[in-house]
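# Chain and residue survey
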Amino acid sequence: WYWQDQSGKVVPKISHVQRFYPWKWIVGTGLYLDDLEEEVATRNRELIMMTVAILGVILLLSFYIIIQSRKAGQQILESEALFKGIFNNSQQFMGVLSPEGVLLLANKAALDFIDASEDDINGHYLWETPWWNDSLEEQRQLKELIQVASFGEVGKGLFKHVNDEGTSLYVDFSAKPVVDENDKVLFLIAEGHNVTELKDAKDKIALSEGMFRGIFSQSLQFMGVIGLDGTLLEINKAALDVRDVTA
């Protein structure tokens with residue numbers, strides 16, 4: 001077909017002719033294939049450019065996600081290392097329990113006291129572990145404390161522990177719940193503070209006070225305690241009997 005009636009240029013063209021009988025007209029139309037091919041080529045270029053742009057964005061996002069994942073992984077490793085460092089280097093007995101009281105993790109101080117490894121005790125109920133095999137009564141008390149903690153409160157108690165070598169320790173034990181945003185208990189933190197020296201000191205003070213009370217009350221000599229300002233704070237029975245009065 002001649003290009004726009006130019007006799008020197010012939011190009012392919014798609015034509016369509018339709019006769020309109022009522023008016024005795026013939027209507028024709030056509031499309032140069034060059035125009036169609038150019039339009040198709042333009043659309044293809046736009047599609048290719050769009051595809052390349054999308055792939056570029058996807059590639060950048062992939063790199064970003066990989067970098068952030070590595071950073072998050074590194075942060076998790078650092079947090080885990082920090083937790084283990086604090087957990088295992090603590091001089092106090094520490095452990096992590098399920099809400100039901102199953103031991104999930106114990107620190108080095110606690111393991112060393114009973115000369116055990118994690119494989120020996122992890123997965124057992126805390127009251128079934130060697131720390132608590134001295135007394136059925138203490139096992140019962142421990143169950144009650146853990147039950148209190150499993151309901152979101154803090155369970156506390158004072159217990160006496162004896163290891164295989166016969167060494168006795170008084171431990172101030174506590175079980176504290178860790179909850180989520182809905183106050184559901186996820187696990188329990190068990191802590192045992194060695195208060196043996198404090199307990200011994202209190203026992204000695206109580207013994208000394210008892211001895212003083214015995215001597216003070218039973219002495220046949222007149223005895224009393226006077227404050228720095230001269231106020232009589234206390235007087236023994238022998239002194240009271242002289243005047244037949246009471247303190």
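Structure first, text after, so check above.
Below you will find a few notes about this structure. Just so we're clear, the structure is a prediction, and the values are computed from it rather than from any experiment.

Cut-off values and rules
- Residues numbered from 1 in each chain as written.
- Predicted model: local features only at pLDDT ≥ 70, side-chain atom pairs only at ≥ 80, totals over all residues.
- Heavy atoms only, no water.
- Pairing = 2+ DSSP bridges.
- Helix = DSSP H or I, 4+ residues; strand = E, 2+ residues; numbered from the N terminus.
- Axes fitted to C-alpha atoms, helices over the stretch in contact; angles between N-to-C directions.
- Contact = heavy atoms within 4.5 Å.
- Patch = residues over 30% accessible without salt bridge, like charges linked within 9 Å, V, L, I, M, F, W, Y side chains within 5 Å.
- Areas by Shrake-Rupley, 256 points an atom, 1.4 Å probe, with all protein chains shown as cover.
- Salt bridge = Lys/Arg side-chain N within 4 Å of Asp/Glu carboxyl O.
- Lys, Arg positive; Asp, Glu negative; His and termini not counted.
- Charge placed at Lys NZ, Arg CZ, Asp CG, Glu CD.
- Buried < 20%, exposed > 50% of the residue type's maximum accessible area, 1.4 Å probe, protein only.
- Expected span 1.5 Å × (residues − 1).
- Polar contact = N/O pair within 3.5 Å; in protein donor to acceptor, adjacent residues only side chain to side chain.

## Describing the sheet that holds strand 5 (residues 93-97)
- Reading across the sheet, the 5 strands line up as 6-5-9-8-7 and stay open at both edges, with antiparallel pairing between neighbours. Looking at which strands have only one partner, the edges of the open sheet turn out to be strand 6 (103-106) and strand 7 (155-162). Strand-to-strand twist in this sheet, taken as the mean axis angle between neighbours without regard to direction, amounts to 25°.
- Sitting on the sheet, helix 4 (residues 136-150) is in contact with strand 5, strand 7, strand 8 (168-179) and strand 9 (185-194), with an inclination near 150° to strand 7.

## Comments concerning a negative patch on the surface
- A cluster of acidic side chains, namely D34, D35, E37 and E38, defines a negative patch on the protein surface.
- On the accessibility criterion, D35 (35% relative accessible area) is partly exposed.

## Points about helix 4
- Helix length check: helix 4 (15 residues) gives 21 Å between terminal C-alpha atoms against 21 Å at 1.5 Å per residue, within 8%.
- For helix 4, the elements touching its buried residues are strand 5, strand 7, strand 8 and strand 9.
- The opening residue of helix 4, the one whose side-chain oxygen lies 3.2 Å from the backbone nitrogen of E137, is S135.
- Directly after helix 4, the chain includes G152, whose backbone phi takes a positive value near 100°.

## Structural notes on unusual backbone geometry
- At K24, a residue that is not glycine, the phi angle is positive and equals roughly 60°.
- Relative to the helices and strands, K24 is located in the loop between strand 3 (13-20) and strand 4 (25-32).
- Of the residues examined, K24 reaches a relative accessible area of 71% and is grouped as exposed.
- Even without a glycine there, the phi angle at D183 is positive, about 65°.

## Thoughts on the pattern of salt bridges
- Enumeration according to the criterion identifies 6 salt bridges in this entry.
- Among the salt bridges present, the one from E137 reaches R140, with a minimum N-O distance of 2.3 Å. Here E137 and its partner R140 are both found in helix 4, 3 residues apart, which amounts to about one turn of the helix.
- Since its relative accessible area comes to 37%, E137 is described here as partly exposed.
- Here R140 makes a salt bridge to E144, at a shortest N to O gap of 2.5 Å. Taken as a pair, R140 and E144 lie in helix 4 at a separation of 4 residues, close to a single helical turn.
- For R140, a relative accessible area of 38% corresponds to the partly exposed category.
- Overall, E144 belongs to the partly exposed group, its relative accessible area being 40%.
- Here the residues in one salt-bridge network are E39, R43 and E46, joined through shared partners.

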